[in-house]
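An overview of the molecular structure
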Amino acid sequence: MESQVFTLGGRPRRGAPYTVQSAPGAACDPPRPVRALRVTEVRVDGLVRNVAAGCCVYALALASMASAMAQEGVDPAATQTDPAHAEEIDAARRLFETNLDAIRRKDRAAYLATYLNSTTLARTGANGVRLGFTEHEAQTAGDSWPDVFDARDVRLVRLRPGVVYGLYRYRVTYGFDEHAGISERVIVSTPQGWRIAVTSAFDAPPGTPPPPFALTGATLIDGTGSPPLQDAVVIVRGGRIECAGTRDACPPPADVESLDLSGKWIVPGIVDAHVHFSQTGWVDGRPDAIDVRDQHPYEHVQSRLQQEPEHFFRAYLGSGVTAVFDVGGYAWTWTLRDSTRTDAPHVAASGPLLSTREFWLNQPGEQQFIHIADAEAARSAVRYLAANRSDAVKVWFIPDSAVAFENLALAVLAAGEEARTYRLPLIVHATGLREAKVALQAGAHLLVHSVDDQLVDDEFVDLARGSEVVYCPTLTVVDGYARLYQSALARESPRVDDPHACVDSLTLAHVAETAELDVAEPERLESVIERLTQRREVMRTNLRRLQAAGVGIAMGTDAGNPLTLHGPSVYAEMEAMQAAGLSALDVLVAATRGGARAMRREQELGSIEAGKIADLLVVDADPSIDIRNMRQLSRVMRGGELRAVGEFRRR
Ligand SMILES: [Zn+2]
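I will try to describe carefully the structure that is included in this document.

Parameters and conventions
- Residue positions within a chain follow its written sequence, with the count starting from 1.
- Given that this is a predicted model, residues contribute local features only at a pLDDT of at least 70 and side-chain atom pairs are listed and counted only at 80 or more, while totals for whole chains, interfaces and linings are drawn from all residues.
- Hydrogens and water molecules were not included; the side-chain quantities draw on all heavy atoms of the structure.
- Think of it in three bands: with a 1.4 Å probe and only protein chains considered, a residue is buried below 20% of the maximum accessible area for its type, exposed above 50%, and partly exposed in between.
- Only DSSP runs of H or I with at least four residues qualify as helices, and only runs of E with at least two residues qualify as strands; both kinds are numbered from the N terminus onward.
- Pairing between strands is defined by DSSP: at least two bridges between the two strands are required.
- If the strands point away from the viewer and the path from the first strand over the helix to the second runs clockwise, then the crossover is right-handed.
- Cysteine sulfur atoms that come within 2.5 Å of each other are treated as a disulfide pair.
- Distances up to 2.8 Å from the metal define which N, O and S atoms are donors, and 3.2 Å serves for Na, K and Ca; water is absent from the atom set, so sites may look incomplete.
- Axes here mean lines fitted to C-alpha atoms, for a helix over just the part in contact, with angles spanning 0 to 180 degrees between N-to-C directions.
- Note on convention: the crossing is left-handed when the near helix lies turned anticlockwise from the far helix by less than a right angle, right-handed when the turn is clockwise.
- What makes two residues a contact is simply this: any of their non-hydrogen atoms within 4.5 Å.
- The nonpolar class holds Ala, Val, Leu, Ile, Met, Phe, Trp, Tyr, Cys and Pro. Asp, Glu, Lys and Arg form the charged class, and all remaining residues, Gly among them, are polar.

Burial along strand β22 (residues 393-396) is two-sided: Val-393 and Val-395 facing one way and Lys-394 and Trp-396 facing the other are all buried. Judged from the 2 bridges that link them, strand β20 (residues 353-355) and β22 form a sheet pairing that is parallel. Along β22, the bridge assignment pairs Ser-355 with Trp-396. Handedness of the β22-helix α10 (residues 405-421)-strand β23 (residues 426-429) crossover: right-handed.

Given below as structure tokens:
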């Protein structure tokens with residue numbers, strides 16, 4: 001028999017979407033007395049899977065119904081002209097939907113009732129073929145249901161009277177484990193009604209882009225600063241934006257699943273340009289605030305952070321953050337960049353940071369702070385970062401009363417010069433105006449804090465305007481410290497601002513433990529709180545001035561610091577920027593395109609424009625009139641994969 005191409009839902013056409021290619025095959029070697037008809041390939045848009053492992057799908061289907069299909073050959077086009085065609089497709093679809101719905105509802109009885117109660121019931125997947133209803137029944141246990149079950153794009157084709165082949169795209173999660181791929185059913189007509197005779201599931205290879213999508217009807221705020229566009233269409237294919245604009249400019253293609261989002265807003269994914277994965281969001285990751293190393297050994301904390309970054313990844317996505325810039329931490333933070341997963345944010349990382357001050361918060365044999373005592377130490381530290389393909393050079397520019405400021409400045413300038421040699425962007429932590437000016441002279445690409453000791457002057461504004469620098473005001477991290485100390489003094493658990501409940505339970509338990517912390521010097525802490533609050537007005541005024549001067553602004557939280565939790569801290573930070581006097585739209589641009597610029601990934605991230613990676617959010621209220629509406633997040637798309645925000649709720 002010649003090999004055949006079945007195009008699901010349409011006429012057979014080689015190379016078209018949804019084709020199942022079959023050919024008689026010896027390699028399959030199905031269990032007897034099954035006749036071999038080998039499925040060689042299933043094509044679903046860009047996804048081509050070799051179904052060698054599933055080669056018996058058809059063969060078993062045929063066995064189940066004692067068909068002579070392999071001998072006769074099949075002409076699906078001919079079966080479509082049969083008057084019973086539509087009726088049978090409808091009946092099979094209803095059974096298929098009942099089956100999928102039972103999985104969604106975790107309804108074991110309803111699920112099993114959709115299968116053929118026979119010894120020839122076949123289930124196949126990456127681990128080979130298993131036969132029989134009894135075994136299927138035994139294996140359908142209470143704990144086998146996925147936490148998330150997303151079934152899309154159900155397609156059916158009638159192979160011959162009484163036999164319908166269908167497939168759908170699945171995405172399932174079990175804990176942190178997510179799989180996506182194609183699942184098939186062969187549905188047959190029996191005296192008891194339509195039943196599934198064959199079922200399969202095959203994961204797509206890692207990195208396979210999600211299926212195409214057309215999002216229609218929403219108001220689009222594209223992140224470029226353009227005014228909101230009503231009744232827009234965003235077409236996503238291969239994980240990227242294919243088209244974004246009016247219905248005329250971007251007509252939804254007929255063969256692409258579309259989702260009506262009328263009454264909602266689409267905005268780019270949020271970029272947090274200032275985070276630290278080496279810190280927890282509580283004092284155990286930063287024991288210089290309050291030392292808890294006796295109860296929470298620092299080495300254990302670091303090891304946990306390195307081993308389970310998924311907790312923070314989920315908190316970011318569940319808060320609408322699709323990209324983050326880790327601007328200082330242990331060398332392992334570089335490995336966070338490698339993932340191709342779409343259930344994690346994009347990560348850029350600057351690795352260990354160069355510090356003008358000798359700082360003790362390191363581990364034996366591992367540094368996150370490299371002391372740059374002089375220019376040569378700074379240069380050699382930059383070379384170390386370059387050799388590790390760091391995304392940037394981060395300098396912690398903290399004045400030290402024991403060392404002349406000029407000497408510290410020389411080290412920072414040398415770091416900037418060496419960074420240019422290796423084409424690495426320079427990031428500087430500088431909160432004093434004097435340090436921030438040196439940072440700009442050193443060629444800083446990103447300032448990750450506000451100037452908070454005094455109002456910026458004309459010299460600073462001119463330096464900033466004449467450069468490519470992005471200013472990330474990081475307004476609220478100091479509030480975290482203040483709230484931490486206040487809670488500890490009052491023996492209260494701090495309030496947690498986590499509208500989508502995506503912060504993990506261990507972090508929450510630690511935050512609650514604040515109430516039991518012993519504060520060594522209450523008077524000193526009170527003065528710290530006072531100083532932190534005084535600086536707020538300076539930071540706000542400086543932000544307004546730099547925004548008005550046209551300096552690039554990014555949003556960044558400094559997440560990981562005490563009570564600045566990874567993920568939901570972005571809401572307070574964006575709201576603080578609005579409260580400082582920026583318009584909601586300005587804040588949105590800073591929190592999207594501004595962050596992409598800070599990460600030097602503006603070509604791919606930060607706005608909803610053709611060619612960019614499809615990272616976007618669906619929001620149920622208008623964030624362009626009030627940035628607080630960003631809390632009304634309902635869906636998160638990352639790399640073209642659309643998820644309900646509820647998927648990231650802690651379990
Ligand atoms: Zn920081």
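Past the structure itself, the notes keep going.
Attention now goes to the state of the cysteines. Here, disulfide denotes a covalent bond that connects the sulfur atoms of two cysteines. According to the stated counting rule, one finds 1 disulfide in the structure shown. Here Cys-243 connects covalently by a disulfide to Cys-250, the sulfurs 2.0 Å from one another. Taking the sign of the S-S torsion, -75° for the link of Cys-243 and Cys-250, the bridge is left-handed. Cys-250 carries the same exposure label as Cys-243, and that label is buried.

Turning our attention to the coordination of the zinc ion. In this structure, His-274 (NE2), His-276 (NE2) and Asp-558 (OD) serve as the protein donors to the zinc ion, at separations of 2.1 to 2.2 Å. Written as a sequence motif, the donor arrangement for the zinc ion is H-x1-H-x281-D. One end of the pair, His-276, is in the loop between β17 (270-275) and α7 (298-307); the other, Asp-558, is in the loop between β26 (552-553) and α16 (569-579), and 282 residues separate them in sequence. Both residues of the pair, His-276 and Asp-558, belong to the buried class.

Glancing now at unusual backbone geometry. Non-glycine residue Asp-153 carries a positive phi angle of around 65°. In this structure, Asp-153 sits in strand β7 (residues 148-160). The buried category is assigned to Asp-153, whose relative accessible area is 12%. One non-glycine residue, Arg-600, lies in positive phi territory at about 60°. Position of Arg-600 relative to the elements: it lies in the loop between α17 (584-598) and β27 (616-619). According to the relative accessible area criterion, Arg-600 is exposed, its value standing at 52%.

Moving on to the packing of helix α9 (residues 375-387) against α10. In the contact formed by α9 and α10, the axes pass within 8 Å of each other and the chain directions differ by 30°. With respect to the hand of their crossing, α9 and α10 are arranged in right-handed fashion. Within the contact between the two elements, α9 uses Ala-375, Ala-378, Arg-379, Val-382 and Arg-383 and α10 uses Leu-410, Ala-411, Ala-414, Ala-415, Glu-417, Glu-418 and Ala-419. In terms of residue class, the contact of α9 with α10 is built from 8 nonpolar, no polar and 4 charged.

That's the geometry; what it means functionally is another story.
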